[in-house]
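# Working through the structure, step by step
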Amino acid sequence: MEVTFLYFSWIRETVGKKSEVITIPASVNTLVQLIEWQKDRGENYRLAFENKNKEIRIAVDHKYVKITSTLNKPKEIAFFPPVTGG
Amino acid sequence: LIKIQNEKFNSGELIDNFLERNLYSGGFASFIGKARNFTYNDGQKFTINRIELEHYPAMAEKQIKNIVNNAQNRWEIDNFLIIHRYGIIWPGEPIVLICTASTHRKEALDSCEYIIDFLKTEAPFWKKEIMSNNYHWVESKEDDKNKKDLWK
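Residues numbered from 1 in each chain as written. Chains lettered and ligands numbered in written order. Predicted model: local features only at pLDDT ≥ 70, side-chain atom pairs only at ≥ 80, totals over all residues. Heavy atoms only, no water.

## What about the overall build of chain B?
The helix and strand tally for chain B stands at four helices and ten strands. Moving toward the C terminus, one meets the helices and strands of chain B in the order β-α-β-β-β-β-α-β-β-β-α-β-β-α. For a compact globule of 152 residues, the expected C-alpha radius of gyration is about 15 Å, and chain B comes in at 16 Å, within 12% of that figure. Principal-axis analysis of the C-alpha atoms gives chain B an extent of 50 × 35 × 30 Å. Out of the 152 residues belonging to chain B, those deemed buried represent 46%. Across chain B, the fraction of contacts at a sequence separation of at least 24, relative to all contacts at a separation of at least 6, is 76%. Carbon together with sulfur atoms contributes 46% to the accessible area of chain B, which is approximately 8,400 Å² in total. Separation of charge centres in chain B, based on 21 positive and 22 negative side chains, amounts to 2 Å. (Helix = DSSP H or I, 4+ residues; strand = E, 2+ residues; numbered from the N terminus. Rg over C-alpha atoms; globule rule 2.2 N^0.38 Å. Buried < 20%, exposed > 50% of the residue type's maximum accessible area, 1.4 Å probe, protein only. Contact = heavy atoms within 4.5 Å. Areas by Shrake-Rupley, 256 points an atom, 1.4 Å probe, with all protein chains shown as cover. Lys, Arg positive; Asp, Glu negative; His and termini not counted. Charge placed at Lys NZ, Arg CZ, Asp CG, Glu CD.)

As structure tokens, this is what we get:
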């Protein structure tokens with residue numbers, strides 16, 4: 001399945017890109033699996049997604065989702081740290 | 001009205017217009033969040049040159065709408081105005097303005113506080129504080145989360 005990934009804040013800086021269109025392999029069905037898969041895509045991804053001291057939030061099609069959720073034909077998945085606006 | 005913009009805004013003018021547009025509401029509340037010129041990092045005070053606010057445009061507006069909908073389900077709100085900036089913001093400039101109008105003060109005050117509490121923890125904006133020769137991403141505060149949780 002082809003999905004747009006978006007990265008924000010220090011995750012964008014560490015990955016080194018704002019967005020990319022990715023074909024997720026059929027073996028990846030949950031967000032936990034997706035994070036594991038991301039870590040294997042290169043050193044920049046490993047650094048961004050393996051940082052255990054820093055929380056990562058995920059939004060699927062503009063809605064917050066739990067890391068335990070399963071992927072249900074998403075169009076856009078965003079990865080970012082806890083928000084700090086206001 | 002919800003507006004997400006880069007441009008600096010004049011809080012006084014916007015509040016005046018809001019008052020006029022809601023001529024017969026009896027209670028109004030507003031919150032203005034501004035950029036400070038200092039921050040503390042590991043207990044040490046630093047001067048901030050400017051901040052840069054990154055945001056997720058498609059989600060930001062939806063999230064703020066959700067927050068307002070939830071507020072409207074809790075209180076009788078006649079009208080609201082929310083402006084949030086992104087991009088470069090200089091110390092002293094406003095970042096966010098929230099206005100609520102209601103029949104009485106309690107609904108206006110409570111809904112205004114509710115909206116800023118949820119906006120702080122759910123609207124997808126990220127603040128980068130830029131000092132003279134370095135920068136850091138602001139980390140989310142446990143206090144903000146605790147404050148939001150008090151509304152449940």
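## Here's the deal with the overall build of chain A
A count of helices and strands for chain A gives three helices and five strands. Along chain A, from the amino end to the carboxyl end, the secondary structure elements read β-α-β-α-α-β-β-β. What you see for chain A is a C-alpha radius of gyration of 12 Å, in line with the 12 Å of a compact globule of 86 residues. By its C-alpha atoms, chain A is 35 × 30 × 20 Å across when sized along the principal axes. Looking at chain A residue by residue over its 86 residues, the buried ones come to 47%. Sequence separation of 24 or more characterises 53% of the internal contacts of chain A that already satisfy a separation of 6 or more. Accessible area of chain A: about 4,600 Å², with a carbon and sulfur share of 49%. Put simply, chain A has 13 plus and 10 minus side-chain charges, and the middle of one group is 4 Å from the middle of the other.

## Quick notes on the sheet that holds strand E5 (residues 50-55) of chain B
Residue and element names in this part refer to chain B. Taken in spatial order, the four strands line up as E7-E5-E9-E10 in an open sheet, and their pairing is antiparallel. Single-partner strands in this sheet number two, and they are strand E7 (87-89) and strand E10 (135-137). Across the sheet, the axes of successive neighbouring strands diverge by a mean angle of 25 degrees, strand direction being ignored. When E5 meets strand E9 (residues 125-130), the two strands line up antiparallel, connected through six bridges. Opposite Glu52, over in E9, you have Lys128 as the bridge partner. (Pairing = 2+ DSSP bridges. Axes fitted to C-alpha atoms, helices over the stretch in contact; angles between N-to-C directions.)

## A few points about the pattern of salt bridges
All names here are of chain B. By the definition in use, this model includes 16 salt bridges over all chains. The closest approach of N and O atoms between Lys65 and Glu61, which form a salt bridge, is 3.7 Å. Here Lys65 and its partner Glu61 are both found in helix H2 (residues 57-74), four residues apart, which amounts to about one turn of the helix. By relative accessible area, Glu61 is classed as partly exposed at 32%. (Salt bridge = Lys/Arg side-chain N within 4 Å of Asp/Glu carboxyl O.)

## Considering the interface of chain B and chain A
Of the residues lining the interface, 27 residues belong to chain B; the matching set on chain A comes to 21 residues. There are two salt bridges connecting chain B and chain A. Note that Glu13 of chain A and Lys128 of chain B form a salt bridge whose closest N and O atoms lie 3.3 Å from each other. The tally of links from chain B across to chain A stands at 15 residue pairs in polar contact (both at pLDDT 80 or more). Sorting the residues of the side of chain B that touches chain A by element identifies E5, H2, strand E8 (94-102), helix H3 (105-122), E9 and E10 of chain B as the ones contributing at least two each. A total of five residues in the side of chain B that touches chain A trace back to one element, the largest contributor, which is H3 of chain B. Classifying every residue of the side of chain B that touches chain A by side-chain character gives 15 nonpolar, five polar and seven charged. (Polar contact = N/O pair within 3.5 Å; in protein donor to acceptor, adjacent residues only side chain to side chain. Nonpolar A, V, L, I, M, F, W, Y, C, P; charged D, E, K, R; others polar.)

## Let's talk about the nonpolar core
In terms of nonpolar packing, the biggest core is built from 30 residues, with Phe5, Ile24, Ile77, Phe79 and Phe80 of chain A touching the most fellow members. When residues of this core are traced back to their parent elements, those giving at least two are strand E1 (2-7), helix H1 (9-15), helix H2 (31-39), helix H3 (43-49), strand E3 (57-60) and strand E5 (76-80) of chain A. Apart from the residues within four sequence positions on either side, Phe80 of chain A is in contact with Phe8, Ile11, Glu55, Ile56, Arg57, Ala59 and Tyr64 of chain A together with Tyr56, Met59 and Trp126 of chain B. Residues Ala60, Ile82, Leu119 and Trp151 of chain B belong to the second largest nonpolar core, which totals 29 residues. (Core = buried A, V, L, I, M, F, W, Y, C linked by side-chain atoms within 4.5 Å.)

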